[in-house]
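One-letter residues, chain by chain:
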Amino acid sequence: MEYESVIGLEVHAQLDTAAKIFCGCSTEFGAEGNSQTCPICLGMPGVLPVLNKRAVELALRSILAVGGQVQPKSIFARKNYFYPDLPKGYQISQYERPLGTGGSVTVHLDGLAKRVGITRIHLEEDAGKSFHPEGRAIEYSLVDVNRCGVPLIEIVSEPEIRSPEEAYAYLVALKQILQYTEVSRADMEKGKLRCDANVSVRPKGQKEFGTKTELKNMNSFRAVQKALEVEIARQIKIIDSGGKVVQETLLWDEDRQAVAPMRAKEFSDDYRYFPEPDLLPLEVSMDWLESVRKGLPELPEARRRRFIEVFSLSDYDASLLTSERAIADYYETAVGLYPNPKMVANWINVEVFRFLKEKKIFIDDLKVPAAELAALLKKLDSSSLSNTMAKEVLAAMVETGKTVEAVVAQKGLVQESDEAVLDGWVREVISAFPKQRESYKAGKKQLLGFFVGETVKKSGGKANPKLVSTLVKKHLGE
Amino acid sequence: MTFQPSDVERYAKLARLALSEEEKARFARELSSVLEYVGQIQKVDTSGITEYETVVPLPPAWREDVVEPSLSVEEALANAPDRKDNFFKVPRVL
Ligand SMILES: [Zn+2]
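Values in this document were obtained by computation on a predicted structure and should not be read as measured data.

Calculation criteria
- Residues numbered from 1 in each chain as written.
- Chains lettered and ligands numbered in written order.
- Predicted model: local features only at pLDDT ≥ 70, side-chain atom pairs only at ≥ 80, totals over all residues.
- Heavy atoms only, no water.
- Donors = N, O, S within 2.8 Å, 3.2 Å for Na, K, Ca; no water.
- Contact = heavy atoms within 4.5 Å.
- Buried area = accessible area lost by both parts, 1.4 Å probe.
- Salt bridge = Lys/Arg side-chain N within 4 Å of Asp/Glu carboxyl O.
- Helix = DSSP H or I, 4+ residues; strand = E, 2+ residues; numbered from the N terminus.
- Buried < 20%, exposed > 50% of the residue type's maximum accessible area, 1.4 Å probe, protein only.
- Axes fitted to C-alpha atoms, helices over the stretch in contact; angles between N-to-C directions.
- Parallel < 35°, antiparallel > 145°, perpendicular 65-115°, else oblique.
- Left-handed = near helix turned anticlockwise from the far one by under 90°.
- Polar contact = N/O pair within 3.5 Å; in protein donor to acceptor, adjacent residues only side chain to side chain.
- Pairing = 2+ DSSP bridges.
- Arc of directions from axis to C-beta.

## Section: the coordination of the zinc ion
Right, on to step 1. For the zinc ion, every protein donor is listed as Cys23 of chain A (SG), Cys25 of chain A (SG), Cys38 of chain A (SG) and Cys41 of chain A (SG), and the spread of their distances is 2.3 to 2.4 Å.
Right, on to step 2. Read in sequence order, the donor residues for the zinc ion give the motif C-x1-C-x12-C-x2-C.

Structure representation (structure tokens):
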């Protein structure tokens with residue numbers, strides 16, 4: 001039988017604030033264990049949470065960015081469970097009345113665009129982190145509370161994703177939106193983005209959903225894709241052999257590339273949510289919402305379309321250039337200084353990307369500012385540098401951070417404009433090509449470029465092509 | 001709606017409380033009467049009354065996104081029953 005998979009993703013993204021959501025402790029990553037805590041995030045008796053306004057603002061941005069509805073009034077709720085990394089015994093989250101509902105993310109896969117619906121976006125606090133030191137005799141776990149109270153949004157998608165590749169593409173698109181809007185750094189390695197997946201399969205054409213399982217513990221987008229592939233195959237095998245899929249939570253094991261059931265005892269699904277009595281309902285005024293909307297930058301999808309229209313770029317080039325906001329900014333700065341959109345796109349998408357990959361750096365860390373790339377391309381355009389030379393110069397700029405002028409001077413690539421020197425080269429070239437000389441004199445004026453090219457070549461790329469052109473014309477009687 | 005001793009047992013377990021059989025029976029009785037009282041309140045016709053969460057209108061309380069000093073690690077761990085290095089030490093959870 002042919003099956004179709006039904007996938008919904010729950011993404012937790014850390015909001016890019018300096019302080020935690022309900023207290024003034026820092027959210028800085030990588031601090032010494034338990035050095036960023038206070039009575040509030042340690043859950044001491046008698047303390048009161050006070051909501052970080054910036055966290056709400058960033059959450060609002062994320063809702064607007066996916067075209068969702070901001071609820072004028074939303075309610076915080078307590079999610080109750082016991083786990084050592086949760087000192088209060090409950091997590092403050094939103095349940096029945098989340099801050100945002102609806103919206104969608106546009107996903108590109110195999111040249112097709114598809115919208116994946118968003119169910120809800122809500123605010124919550126993160127829990128702490130527990131470690132389980134390896135060893136036979138070790139009967140303890142260790143807890144670091146630094147992450148407790150770090151602000152998160154949970155973004156829940158509709159079950160509209162139909163394949164593991166689509167899930168991957170959705171995550172890429174969502175991460176792009178979160179980074180463009182500066183809502184989150186969305187860095188999975190630092191735990192700033194986490195993703196759980198719900199997945200079920202059903203015979204193609206069937207309307208009802210099959211029994212779903214929940215996948216946890218994936219630590220990269222590729223791991224999400226792989227875990228889904230493995231789980232979908234497992235479910236199909238069960239159904240094909242006449243069995244039934246059991247609704248359960250499964251943990252992805254990266255080393256074994258397999259899923260395993262989470263021990264049932266660890267968590268109860270009965271969270272006994274109730275409205276958080278220590279916090280007022282969260283009210284968002286129209287004025288506030290409007291000011292957040294005004295501050296929203298151009299989103300990746302809109303920017304991609306604009307690049308195609310305004311700069312006449314291919315879909316491929318535009319997608320690459322808008323993959324990160326910083327790269328798109330870099331491109332636009334360079335094009336502003338050297339208005340040749342296609343050529344700038346080629347140099348960034350091929351040459352610059354190669355260096356970023358080689359050096360494993362982001363464009364912000366590249367030692368060549370956009371203005372210098374533009375300067376280099378201008379030189380290339382005016383033929384004062386050959387294509388090969390320009391690449392050589394760029395490589396040196398990437399290494400040393402020097403300007404185009406400095407590298408060109410250092411490598412002796414300075415353009416030769418001394419008329420006497422140029423005249424010598426032009427004479428040599430003309431006498432070396434008598435046939436072409438006669439043709440030119442007979443009226444084949446397009447051979448001018450040939451003589452200029454040969455002269456520049458002879459000079460090792462140094463000859464100023466404009467002056468050479470004038471000299472060629474002079475010698476051939478014009 | 002009434003509370004059975006088995007319900008009490010379930011919630012006691014979720015709250016990590018150990019109750020005797022007598023306590024389970026007593027709490028089932030007491031919680032049932034609380035529920036019954038709530039049931040009475042739910043019968044009041046509230047259509048046409050605007051929903052509100054507090055009886056005292058309060059201005060929103062905000063915190064600006066400013067980092068304030070945290071406790072020292074020593075202070076944070078001062079009440080911990082057990083510790084190892086910088087961390088709270090708890091019975092193995094995995
Ligand atoms: Zn704190």
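## What about the interface of chain B and chain A?
Right, on to step 1. Listed as interface residues are 35 residues of chain B and, on the opposing side, 51 residues of chain A.
Right, on to step 2. Among the residues of chain B in contact with chain A, Trp62, Arg63 and Arg92 of chain B are the three that bury the most area, contributing 21% of the side total.
Right, on to step 3. Taken together, chain B and chain A are joined by 1 salt bridge.
Right, on to step 4. For the side of chain B that touches chain A, the secondary-structure elements that each account for two or more residues are helix H1 (5-14), strand S1 (62-63), helix H3 (73-77) and strand S3 (87-91) of chain B.
Right, on to step 5. It is S3 of chain B that contributes the most residues to the side of chain B that touches chain A, 5 residues altogether.

## Brief notes about the pattern of salt bridges
Right, on to step 1. Considering all chains together, one arrives at 44 salt bridges over all chains under this definition.
Right, on to step 2. Arg185 of chain A is paired through a salt bridge with Asp16 of chain A; the nearest N and O atoms lie 2.9 Å apart. Separated by 169 residues along the polypeptide, Arg185 of chain A in the loop between helix H2 (164-180) and strand S13 (193-203) and Asp16 of chain A in the loop between strand S1 (3-14) and strand S2 (51-52) bring together distant segments of the chain.
Right, on to step 3. Assessed through its relative accessible area of 51%, Arg185 of chain A is described here as exposed.
Right, on to step 4. What makes Asp16 of chain A partly exposed here is its relative accessible area of 29%.
Right, on to step 5. Glu21 of chain B serves as the salt-bridge partner of Lys24 of chain B, at 3.1 Å between the closest nitrogen and oxygen.

## Considerations on the side chain of Thr181 of chain A
Right, on to step 1. With respect to the helices and strands, Thr181 of chain A occurs in the loop between H2 and S13.
Right, on to step 2. On the basis of relative accessible area, Thr181 of chain A is assigned to the buried category, the value being 1%.

## With respect to the packing of helix H8 (residues 341-359) of chain A against helix H9 (residues 370-381) of chain A
The relative placement of two packed helices is expressed as an angle between their axes plus a distance between the axes.
Residue and element names in this part refer to chain A.
Right, on to step 1. Two elements in contact, H8 and H9, have axes separated by 11 Å at closest approach and are oriented at 115°. As summarised for this structure, H8 and H9 are arranged roughly perpendicular, according to the angle between their axes. Both H8 and H9 take part in a crossing whose hand is right-handed. Contacts between H8 and H9 involve Met343, Val344, Trp347, Ile348 and Val352 from the first element and Leu373, Leu376, Leu377 and Leu380 from the second.

## What about the environment of Gln176 of chain A?
All names here are of chain A.
Right, on to step 1. You can see Gln176 is positioned in helix H2.
Right, on to step 2. Owing to a relative accessible area of 18%, Gln176 belongs among the buried residues under this scheme.
Right, on to step 3. For Gln176 and Arg97, which are 79 residues apart along the polypeptide, the C-alpha to C-alpha distance reads 27 Å.
Right, on to step 4. Dropping the residues within four chain positions of it, Gln176 is found in contact with Pro300, Thr322 and Ser323.
Right, on to step 5. Polar contacts involving the side chain of Gln176 include one to the main-chain carbonyl oxygen of Ser323, which spans 3.3 Å.

## Examining unusual backbone geometry
Residues and elements named next belong to chain A.
Right, on to step 1. The backbone of Gln257 shows a phi angle near 50°, a positive value even though the residue is not glycine.
Right, on to step 2. Residue placement: Gln257 occurs in the loop between strand S15 (249-253) and strand S16 (258-261).
Right, on to step 3. One non-glycine residue, Arg272, adopts positive backbone phi at about 45°.
Right, on to step 4. As for its placement among the helices and strands, Arg272 is situated in the loop between S16 and strand S17 (274-275).

## Examining the sheet that holds strand S5 (residues 76-80) of chain A
Right, on to step 1. Pairing is antiparallel across the open sheet formed by 3 strands, whose spatial order is S6-S5-S17 (chain A). This sheet does not close on itself; its edge strands, each paired only once, are strand S6 (90-94) and S17 of chain A.

## Side note on the pairing of strand S11 (residues 140-144) of chain A
Right, on to step 1. Counting buried positions over the 5 residues of S11 of chain A gives 5, a clear majority of the element.
Right, on to step 2. What you see with S11 of chain A is no split at all: Tyr140, Leu142 and Asp144 of chain A on one side and Ser141 and Val143 of chain A on the other are buried throughout.
Right, on to step 3. Of the pairings in the sheet, the one linking strand S10 (residues 129-131) of chain A to S11 of chain A comprises 3 bridges and is antiparallel in character. Within the sheet, the bridge partner assigned to Phe131 of chain A lies in S11 of chain A and is Leu142 of chain A.
Right, on to step 4. One ladder, built from 4 bridges, connects S11 of chain A with S3 of chain B; its direction is antiparallel. For Leu142 of chain A, the partnering residue across the bridge sits in S3 of chain B and is Lys89 of chain B.

## Looking at the environment of Pro159 of chain A
Right, on to step 1. For Pro159 of chain A, the location among the structural elements is in the loop between strand S12 (151-157) and H2.
Right, on to step 2. Once you skip the residues sitting within four places of it in the chain, Pro159 of chain A turns out to touch Val6, Ile7, Gly8 and Phe209 of chain A.

## Topic: the pairing of S1 of chain A
All names here are of chain A.
Right, on to step 1. The element S1 is largely enclosed, with a buried count of 12 among its 12 residues.
Right, on to step 2. Judged by which residues are buried, S1 turns out to be covered on both faces: Tyr3, Ser5, Ile7, Leu9, Val11 and Ala13 on one side and Glu4, Val6, Gly8, Glu10, His12 and Gln14 on the other are all buried.
Right, on to step 3. Of the pairings in the sheet, the one linking S1 to S13 comprises 11 bridges and is antiparallel in character. Within S13, the residue paired with Glu10 across the bridge is Asp196.
Right, on to step 4. Direction of pairing for S1 relative to S12: antiparallel, over a ladder of 5 bridges. Counted as the bridge partner of Glu10 is Val156 from S12.

## Quick look at helix H4 (residues 286-294) of chain A
Right, on to step 1. Burial in H4 of chain A covers these residues: Trp288, Leu289 and Val292 of chain A. For H4 of chain A, the arc enclosing every buried residue in end-on projection is 95°, short of the 170-degree limit, so these residues lie on one face. Facing away from the buried side of H4 of chain A, by more than 90 degrees, are the exposed residues Met286, Asp287 and Lys294 of chain A.
Right, on to step 2. Looking at the buried side of H4 of chain A, the elements it contacts are helix H1 (53-65), strand S3 (69-70) and strand S18 (282-283) of chain A together with S1 of chain B.

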